[in-house]
Amino acid sequence: MKYTKLSLIAMSTAFLFSACGKKTEESAAAPKADPVVSVVTVQAEDIDITNTYTSNIEPFATNNIVSQSAGRIVSINAEVGNQVKKGQVLARMDDVNLAKTRLQIVNDSIELSRLTELYNLGAVAQADYDMAKLALNLSRKTYSNLAENTVLRSPINGVVTARNYDKGDMYSMTQPIFVVEQISPVKMLINISESLFTQVNEGMLFDVTVEAYPGEVFQGKVNLIYPTINASTHTFPVEVIVENKDQKLRPGMFARVSANFGTNHHVVVPDVAVVKQMGSGEHFIYVLQPDNTVKYTLVETGKRMGNKYEIISGINEGDKVVTEGQVRLKDGVKVTVK
């Protein structure tokens, strides 16, 4: 029997359709396998409540060295970076007014002595005598004030961080002649949640780290607790100081300040068990049920500790959570546990 080329093609096509149809029927009839997952039984652990705050290091005190009145700068006795002691002379101003006042004190003193003799003889009125005493006292106070503003001294132990004038310049009162900062100790201001208000007290210890000294921890302590809560952020400011005797810490450094506020007993899960809901910031965990189905459970996560998460709420100690195979899962799906 002879077949044409066209008839052979038609027969082949029919055979292929017949075979495909048979395979489709067999596939439809085959049962769909349950997703295979790995699970772990979670336990609760004691977890340190360690909070870390960021801040910038500030000098404990900053003093602008200025004169009360404009005048010529006669001498400059310190430079930026110099360590200075309390009472050390940093600059001297023109002392013409100081000399005038010194002479006025001499004159007022002579006048008071003269009037005192006359007053004792009853030859001078009480008012004149009192006026002479007042004039001398005023001259002395004026002299003391001028002396402080002519010979400029550092009011603190510190370091000179700015010098804005040179010897011979006319001081114009637009900016300080020197800036002196106390950097032993230094301070940091941090904002702590109001929920911890009763747990913070003066002298409480904090760990301070800076990028300039990786791996080194400086010990700080609470020096001042502000008494009010910020209504918008629900935090309160706390001043932490570090003695900084070696002066490694310098104003302007970025610092991380951390402290332990006790412990919590919370469930801990492997990080691979936590599923983050894209776009919402929420976290879920698939929890294995007694009938081998999984429940898609919203959880509140806490601290991350290496490859584990602290779970604040959502699951309980003893629950079995899925750690592998979540891609094919949805709420209520029956699974096979490896």
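Described in the following lines is the structure provided in the data block.

Scanning the protein from terminus to terminus reveals 3 helices and 20 strands. Over its C-alpha atoms the protein spans a radius of gyration of 41 Å, topping by over 25% the 20 Å that the globule rule assigns to 338 residues. Considering only C-alpha atoms, the protein reaches an extent of 160 × 55 × 35 Å along its principal axes. The buried share of the protein, reckoned over its 338 residues, is 33%. When contacts within the protein are restricted to residue pairs at least 6 apart in sequence, those whose partners lie at least 24 apart make up 72%. Element-wise, carbon and sulfur atoms account for 53% of the exposed surface of the protein, whose accessible area totals about 20800 Å². Side-chain charges in the protein split into 34 positive and 36 negative, and the spacing between the mean points of these groups amounts to 8 Å.

Turning to helix α2 (residues 96–120), a few remarks are in order. Taking 1.5 Å of rise per residue, 25 residues should cover 36 Å, and α2 covers 36 Å from first to last C-alpha, within 8% of that figure. The complete set of buried residues in α2 reads Leu98, Thr101, Ile105, Asp108, Leu112 and Leu115.

Below, the discussion takes up the environment of valine 337. Relative to the assigned elements, valine 337 resides in strand β20 (residues 336–337). Overall, valine 337 belongs to the partly exposed group, its relative accessible area being 33%. Residues valine 337 and glycine 325 lie 12 residues apart in sequence; the distance between their C-alpha atoms is 9.9 Å. Not counting residues within four places of it along the chain, the set of residues in contact with valine 337 comprises Val37, Val39 and Leu288.

Both strand β11 (residues 205–210) and strand β12 (residues 218–225) contribute to a ladder of 4 bridges, which runs antiparallel. Across the sheet, the residue bridging to phenylalanine 206 is glycine 220, located in β12. As judged from the 4 bridges shared by β12 and strand β13 (residues 235–242), these two strands associate in the antiparallel manner. Directly across from valine 222, in β13, lies its bridge partner valine 240.

The next subject is the packing of aromatic side chains. For the coordinates displayed, the defined rule picks out 6 aromatic pairs. Their ring planes at 75 degrees and their centres at 4.8 Å tell us that phenylalanine 197 and phenylalanine 236 sit as a pair that is edge-to-face. With phenylalanine 197 in the loop between β10 (178–193) and β11 and phenylalanine 236 in strand β13, the pair connects residues that are 39 residues apart, well separated along the chain. You can call phenylalanine 236 buried: its relative accessible area is 0%. Ring geometry for phenylalanine 284 and tyrosine 296: centres 4.3 Å apart, planes at 5 degrees, overall stacked. Of this pair, phenylalanine 284 sits in strand β16 (residues 283–288) while tyrosine 296 sits in strand β17 (residues 294–305); the two residues are 12 residues apart in sequence, bridging distant segments of the chain. The structure contains a cluster of three or more aromatic residues connected by ring pairs, namely Phe284, Tyr286 and Tyr296. Here the guanidinium or amino end of lysine 248 rests over the ring plane of tyrosine 213, the centre of that ring lying 5.3 Å away.

Conventions used here
Residues numbered from 1 in each chain as written. Predicted model: local features only at pLDDT ≥ 70, side-chain atom pairs only at ≥ 80, totals over all residues. Heavy atoms only, no water. Helix = DSSP H or I, 4+ residues; strand = E, 2+ residues; numbered from the N terminus. Rg over C-alpha atoms; globule rule 2.2 N^0.38 Å. Buried < 20%, exposed > 50% of the residue type's maximum accessible area, 1.4 Å probe, protein only. Contact = heavy atoms within 4.5 Å. Areas by Shrake-Rupley, 256 points an atom, 1.4 Å probe, with all protein chains shown as cover. Lys, Arg positive; Asp, Glu negative; His and termini not counted. Charge placed at Lys NZ, Arg CZ, Asp CG, Glu CD. Expected span 1.5 Å × (residues − 1). Pairing = 2+ DSSP bridges. Phe/Tyr/Trp six-rings, centres within 6.5 Å; stacked < 30°, edge-to-face > 60°. Lys NZ or Arg CZ within 6 Å of the ring centre and 35° of its normal.

Purely geometric numbers; function is a separate question.
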